Amino acid sequence: MIDELAADPAVRPAPRSRQWVAPLVSSLVTLPAALVAWAVAGLSPMACDACTDAQVARFEPSYERAFTVFGWGLTISLLVLATAWLLPWEERFAARRTGFAAVAPFAVLVTYLVFAGIVDWP
């Protein structure tokens, strides 16, 4: 009996890690959301097609500033997504990987809301 306790336990195969699921789902949500947000933000100047000169004078500078902020925000969103993929594939980084993957789509949403808030709409 003592020999059984002292013997090495049977070597079990390590369970398959599913760390790739969170970055994959995040990619499937973040990339299309970023593309749609970029298209909507890019088409936003059409909102001022029938504006008066005074409205155009307010809209254009605010749009240019907002689109610059929007571009940087999307860059940050994509960097967060890339971080979720590029963290080392070790178990100790699983929570961080999931966190970065979860933040990326919300960063796109926040970026668009900030863009919409900065623009002085007619």
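Predicted, not measured: the structure shown is a model, and the values here were computed from it. (Residues numbered from 1 in each chain as written. Predicted model: local features only at pLDDT ≥ 70, side-chain atom pairs only at ≥ 80, totals over all residues. Heavy atoms only, no water.)

1. Details of the overall build of the protein
Put simply, the rule reads: Helix and strand definitions follow DSSP, with helices as H or I runs of at least four residues and strands as E runs of at least two, each counted in order from the N terminus. The buried label goes to any residue with under 20% of its type's maximum accessible area, the exposed label to any with over 50%, and the partly exposed label to all in between, with areas taken from a 1.4 Å probe on protein chains only. Throughout, a contact is declared for two residues whenever any of their heavy atoms are within 4.5 Å. The accessible surface values rely on the Shrake-Rupley method and a 1.4 Å probe; as for residues, cover is taken only from the protein chains in view.
Each helix and strand in the protein was counted, giving four helices and zero strands. Element order for the protein, N to C, with α for helix and β for strand: α-α-α-α. By residue count, 28% of the 122 residues in the protein fall in the buried class. By sequence separation, contacts in the protein at least 24 residues apart represent 76% of the contacts at least 6 residues apart. Roughly 8500 Å² of accessible area belongs to the protein as shown, and the carbon and sulfur atoms make up 69% of that amount.

2. As for helix α3 (residues 53-86)
Rule in force here: Helix span is expected to be 1.5 Å times the residue number reduced by one.
When the terminal C-alpha atoms of α3 are compared, their 49 Å separation across 34 residues agrees well with the 50 Å that a helix rising 1.5 Å per residue should span. The inward-facing, buried residues of α3 abut α2 (21-43) and α4 (94-118).

3. Quick look at the state of the cysteines
The following threshold applies: Working definition: a disulfide is two cysteine sulfur atoms within 2.5 Å of each other.
Counted under the stated rule, the structure contains one disulfide. A disulfide bridge connects C48 with C51, and the sulfur atoms are separated by 2.2 Å. With the S-S bond torsion at -135°, the cross-link from C48 to C51 turns out left-handed. A relative accessible area of 17% means that C51 is categorised as buried.

4. Here's the deal with a nonpolar patch on the surface
For clarity, the cut-off: Within this analysis, patches are made of residues with over 30% relative accessible area and no salt bridge. Like charges are joined at 9 Å or less; nonpolar side chains (Val, Leu, Ile, Met, Phe, Trp, Tyr) at 5 Å or less. Only one rule defines a salt bridge in this text: a Lys or Arg side-chain nitrogen within 4 Å of an Asp or Glu carboxyl oxygen.
On the surface, W20, V21, L24, V25, L28, V29, W85, L86 and W89 cluster together to form a nonpolar patch covering roughly 870 Å² of accessible area. Take the nonpolar patch: its biggest share by element is five residues, from α2.

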